[in-house]
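The residues making up each chain are set out below.
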Amino acid sequence: MAQGLEVALTDLQSSRNNVQHHTEEITVDHLLVRRGQAFNLTLYFRNRGFQPGLDNIIFVVETGPLPDLALGTRAVFSLARHHSPSPWIAWLETNGATSTEVSLCAPPTAAVGRYLLKIHIDSFQGSVTAYQLGEFILLFNPWCPEDAVYLDSEPQRQEYVMNDYGFIYQGSKNWIRPCPWNYGQFEDKIIDICLKLLDKSLHFQTDPATDCALRGSPVYVSRVVCAMINSNDDNGVLNGKWSENYTDGANPAEWTGSVAILKQWNATGCQPVRYGQCWVFAAVMCTVMRCLGIPTRVITNFDSGHDTDGNLIIDEYYDNTGRILGNKKKDTIWNFHVWNECWMARKDLPPGYGGWQVLDATPQEMSNGIYCCGPASVRAIKEGEVDLNYDTPFVFSMVNADCMSWLVQGGKEQKLHQDTSSVGNFISTKSIQSDERDDITENYKYEEGSLQERQVFLKALQKLKARSFHGSQRGAELQPSGPTSLSQDSPRSLHTPSLRPSDVVQVSLKFKLLDPPNMGQDICFVLLALNMSSQFKDLKVNLSAQSLLHDGSPLSPFWQDTAFITLSPKEAKTYPCKISYSQYSQYLSTDKLIRISALGEEKSSPEKILVNKIITLSYPSITINVLGAAVVNQPLSIQVIFSNPLSEQVEDCVLTVEGSGLFKKQQKVFLGVLKPQHRASIILETVPFKSGQRQIQANMRSNKFKDIKGYRNVYVDFAL
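Here the structure is a predicted model, which means the values were calculated and not measured.

A. Spatial organisation of the overall build of the protein chain. The number of helices and strands found in the protein chain is 14 helices and 37 strands. A globule of 720 residues ought to have a C-alpha radius of gyration of about 27 Å, and the protein chain, at 30 Å, matches this closely. Dimensions of the protein chain along its principal axes, counting C-alpha atoms only, are 115 × 65 × 40 Å. Across the 720 residues of the protein chain, 58% fall into the buried class.

B. Just the sheet that holds strand β14 (residues 296-306), in detail. Pairing is antiparallel across the open sheet formed by six strands, whose spatial order is β19-β18-β17-β14-β22-β23. Strand pairing shows two members of the sheet lacking a second neighbour, β19 (376-377) and β23 (437-439), which therefore form its edges. Sheet analysis places strand β18 (residues 355-359) next to β19, joined by two bridges and oriented antiparallel. Counterpart to V358 in the pairing with β19 is A376. Helix-sheet contacts for helix α8 (residues 278-292) involve β14, β17 (332-344) and β18, and the interaxial angle to β17 is about 5°. Strands β14, β17, β18, β19 and β22 (425-430) of the sheet are contacted by helix α10 (residues 392-400), whose axis makes an angle of about 70° with β14.

C. Summary view of the packing of helix α3 (residues 190-199) against helix α7 (residues 259-267). Contact geometry for α3 and α7: axes closest at 10 Å, N-to-C directions at 60°. By the angle between their axes, α3 is oblique relative to α7. When you trace α3 past α7, the crossing you get is left-handed. Where α3 abuts α7, its residues I190, I193, K196 and L197 lie against V259, L262, K263, W265 and N266.

D. Highlighting empty space enclosed by the protein. With the rule as written, the count across this model stands at three cavities of 30 Å³ or more. Q170, R177, T590, D591 and D707 are, among the 18 residues lining the largest cavity, the residues nearest its centre. Contributing elements (two or more residues each) for the lining of the largest cavity: β10 (165-172) and β11 (175-182). Considered class by class, the residues forming the lining of the largest cavity number seven nonpolar, six polar and five charged. Both domain 2 (152-465) and domain 3 (505-614) contribute no fewer than three residues apiece to the lining of the largest cavity. What lines the second largest cavity is simply E159, Y160, Y165, G166, F167, Y183, R290, R297, V298, T429 and K430. Looking at which element gives the most residues to the lining of the second largest cavity, the answer is β10, with three residues. Taken together, the residues that form the lining of the second largest cavity break down as five nonpolar, two polar and four charged.

E. A look at the domain arrangement of the protein chain. Here the protein chain is partitioned into domain 1 (5-137), domain 2 (152-465), domain 3 (505-614) and domain 4 (621-714). Between domain 2 and domain 3, the residue contacts involve 23 residues of the former and 23 residues of the latter. Its largest share of buried area at the contact with domain 3, domain 2 owes to E244, T321 and N335, together 26% of the area lost on that side. There are zero salt bridges connecting domain 2 and domain 3. Where domain 2 packs against domain 3, one counts seven residue pairs in polar contact (both at pLDDT 80 or more).

F. Representation of the layout of surface pockets in the model. The computed volume of the largest pocket comes to approximately 610 Å³. If you trace the largest pocket, you find 26 residues lining it, with I26, T27, H30, D188 and K189 closest to the centre. Elements with a contribution of two residues or more to the lining of the largest pocket: β9 (128-139) and α3. Of the residues that constitute the lining of the largest pocket, the class distribution is ten nonpolar, four polar and twelve charged.

G. Structural context of α10. Counting buried residues along α10, nine of its nine residues qualify, which places the element largely inside the surrounding structure. Among all positions in α10, only T392, P393, F394, V395, F396, S397, M398, V399 and N400 are buried.

H. Local environment of the pattern of salt bridges. Tallied over the entire structure, the rule returns 34 salt bridges. The partner of R35 in a salt bridge is D147, and the shortest N-O contact between them spans 2.6 Å. Remark: D147 occurs in the loop between β9 and α2 (154-162) and R35 occurs in the loop between β2 (32-34) and β3 (39-45); sequence separation between them is 112 residues. Relative accessible area serves as the criterion here: at 4%, D147 is assigned to the buried category. Between K608 and E601 there is a salt bridge; the shortest N-O distance is 2.8 Å.

Procedures and definitions
- Residues numbered from 1 in each chain as written.
- Predicted model: local features only at pLDDT ≥ 70, side-chain atom pairs only at ≥ 80, totals over all residues.
- Heavy atoms only, no water.
- Helix = DSSP H or I, 4+ residues; strand = E, 2+ residues; numbered from the N terminus.
- Rg over C-alpha atoms; globule rule 2.2 N^0.38 Å.
- Buried < 20%, exposed > 50% of the residue type's maximum accessible area, 1.4 Å probe, protein only.
- Pairing = 2+ DSSP bridges.
- Contact = heavy atoms within 4.5 Å.
- Axes fitted to C-alpha atoms, helices over the stretch in contact; angles between N-to-C directions.
- Parallel < 35°, antiparallel > 145°, perpendicular 65-115°, else oblique.
- Left-handed = near helix turned anticlockwise from the far one by under 90°.
- 1 Å grid on protein atoms, 1.4 Å probe; cavity = no way out; pocket = protein on both sides within 12 Å on 5 of 7 lines; lining within 4 Å.
- Points joined across faces, edges and corners; volume = space filled by probe spheres on them.
- Nonpolar A, V, L, I, M, F, W, Y, C, P; charged D, E, K, R; others polar.
- Domains from an automatic or database assignment.
- Buried area = accessible area lost by both parts, 1.4 Å probe.
- Salt bridge = Lys/Arg side-chain N within 4 Å of Asp/Glu carboxyl O.
- Polar contact = N/O pair within 3.5 Å; in protein donor to acceptor, adjacent residues only side chain to side chain.

In structure tokens:
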């Protein structure tokens, strides 16, 4: 008589499966697979082999604390039955004397997360035995055509899912600089932290069964992650701060990667990490989304609008010196703003609006009662379809709002100019498999000044007016407000119309730098004045300079001057200006932005001419040299060369170095004091533990500066 079938051992074939599922970078010791793609396991039996006509193997998979067949978080499916009602399937690969290899496949819509795998063996005479085979993690699958996150380009999948480093673009539209970043989505424990992040969300805490069931939707998961990256509603990953006092945490400019942030959040019992700003929020979200399998990239928008009342107008207010003022509306133009794009189908929208979706984890406005933004279809933004979910009006205003300039004098507000093209410039992301920058502005809007662009703007405005009686979809503004920043030498600066609309501008003003603006040196520039009329012009020009935070908030003016310029017909003159290092050093923000402005007026005319320029001071970068060939599991020496760019001594110098696959953890070197203009180097030793293209990121901070950065790409060979 045949005996009941007994399982002695199970081989989940983690190493083989993980390679086939593109998860071997995370681990080969535990099973991590992607939905919609088969994976194999081998069952070893104690007493005899599997007999298809005699034995029936039933698989059970469960996820979440309350697995449920109806919700799809529990599935029961048989190896013997080919027409199982379950969307999970299993089939026999090979059958030996005492072992059987089977293939299992999750549906391409299955909830992602941690699963428990069990089997029941139903043998002759009703004998049933149950076994727990182990755990596995199921991820989104951009390689599967039936998955909502499917991306049909292998180079794009390699860049937006598999690449664990990149660049985040900062600065200003006239001085765009790449900031190297270690995403590290495949580093040790990061996948576990990402799954914990989902379980710490308000959605899970409120209704864990439904939350787990909805984790098959990238739209849902992306909104949950977006809300959890900031900590405004929950114990999310990061606290945001937009002031200059970071003594109780890290200055956002100091971070060079997501791994240290996520591990600190996890190690402290999920206490929010201090501090982040937009690029940090976006970088950490990129790490989490790539880890979960959703193609994601980081986007920078220069001169980014923040429209608080949904009228697609950013109001800026100036005094008679050209100094920018606060305003009750709290509209702002950020010098740059950073968000994410995630790739997914949008079956909740009309056809054609899938693909790249904007998600913004920076806590600016509420969306359905929580601080998150998106996913908003990039195509919907370009076409002005601001009635499509989620938060499309807010994103539209970030890239295509108009800007209204006002002069405040004697308690009265006078309109200077309405500019239709100053918001949303040089929208940038890292190129595919390259260190170059891609300009993707055309994905978000039609060419500025074109008829199509104006038609889309007016369509969006009409849609917003039509729905305004329903109340704004977004809630109260959180982001520290403040005056707006202006684009550098923007068109309105050069040709600002008179307060009398019928007048024609006859004088133009423009700033021009004479030397590159390097940190620690005097800033030398001229004001160019041009009389385009056939009459003499007597000008009085008030000049000022003030530091800016990157969100457009100004600090107090630290330099002022008044110029009296007489111009003959058609004459051009220059007025030389200099701001010494001693004048700006103590007022400079971490963002190293100085806004110079001039407001000119004719003695015999009410005509006003406003011009602005944003100056970004630059540091010398850190130089990194790799000494010798980089080989897995073999010692590698790395030279880091750095300097104090200032003509004064700096203290509390700390060098931070990291790189996924190269360093097990972030390296910190305490350098102490650096003398004026001092140049030095150190040698770091490490042992690479992953092969392929890697990147080293470095940052040096002191009591005078926070973010002197450098990077070096390294190719690591397999051990011989």
